[in-house]
Amino acid sequence: INPRKWRVALVPELNYSFNCSSEFAIIRPNNKISPFLLAFYLQSKIFRSQAETLGVGTSSSRQRINKKKLMDLFVQKININENDAKKFFLTRLDIYKKRINEINIFKKINQ
């Protein structure tokens, strides 16, 4: 999570390699909450404002937040149900799959 440019992504299980800067926190849900709902909760205004205060005083080019402090933040439930959250991210999954297909096509023609 970069508090200056707020980004939270639910990374789906795809047959493709992903990587991200070590400056980003990777959070996995426990058995009490679905990854779909957690991703939405992390987008909430209350969570975001808490996380942004952790980034105060860090360099704008290197937003570093202590992961333990991040994990201690309050995550407020928001008004979205599990089915709607899942539907949203399944739509995103379809977009990701299409982008991967595009990349693979370009790789073939540029060999």
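To start, this report covers the structure provided alongside it. (Residues numbered from 1 in each chain as written. Predicted model: local features only at pLDDT ≥ 70, side-chain atom pairs only at ≥ 80, totals over all residues. Heavy atoms only, no water.)

### Digging into the overall build of the chain
Secondary structure assignment for the chain yields four helices and zero strands. In sequence order, the secondary structure elements of the chain are arranged as α-α-α-α. Taking all 111 residues of the chain together, 24% fall into the buried category. A fraction of 71% describes how many contacts in the chain between residues 6 or more apart in sequence connect residues 24 or more apart. As presented, the chain carries roughly 8700 Å² of accessible surface, and 51% of it is formed by carbon and sulfur atoms. (Helix = DSSP H or I, 4+ residues; strand = E, 2+ residues; numbered from the N terminus. Buried < 20%, exposed > 50% of the residue type's maximum accessible area, 1.4 Å probe, protein only. Contact = heavy atoms within 4.5 Å. Areas by Shrake-Rupley, 256 points an atom, 1.4 Å probe, with all protein chains shown as cover.)

### Concerning the environment of Phe 47
As for its placement among the helices and strands, Phe 47 is situated in helix H2 (residues 45-54). Residues Phe 47 and Leu 70, spaced 23 residues apart in sequence, show a C-alpha to C-alpha distance of 9.7 Å.

### Examining the packing of aromatic side chains
This structure, assessed with the given rule, holds four aromatic pairs. Aromatic side chains Phe 40 and Phe 88 sit 5.2 Å apart centroid to centroid with 65° between the ring planes, which places their arrangement in the edge-to-face category. Taken together, the positions of Phe 40 in helix H1 (residues 35-41) and Phe 88 in helix H4 (residues 82-109) put the pair 48 residues apart, joining distant regions of the chain. On the basis of an interplanar angle of 90° and a centroid distance of 4.9 Å, the ring pair of Phe 88 and Phe 89 is categorised as edge-to-face. We classify Phe 88 as partly exposed; its relative accessible area is 41%. Residue class for Phe 89 comes out buried when judged on its relative accessible area of 14%. Three or more aromatic residues link up through ring pairs in this structure, and these residues are Phe 36, Phe 40, Phe 88 and Phe 89. (Phe/Tyr/Trp six-rings, centres within 6.5 Å; stacked < 30°, edge-to-face > 60°.)

### Some words on the environment of Ile 100
The topology assignment puts Ile 100 in helix H4. Spatially, the C-alpha atom of Ile 100 lies 7.9 Å from that of Tyr 16, the residues being 84 residues apart in sequence.

### Quick notes on the pattern of salt bridges
Scanning all chains against the criterion turns up one salt bridge. Here Lys 98 makes a salt bridge to Asp 94, at a shortest N to O gap of 3.3 Å. With Lys 98 and Asp 94 both in helix H4, this residue pair falls four residues apart, about one helical turn. (Salt bridge = Lys/Arg side-chain N within 4 Å of Asp/Glu carboxyl O.)

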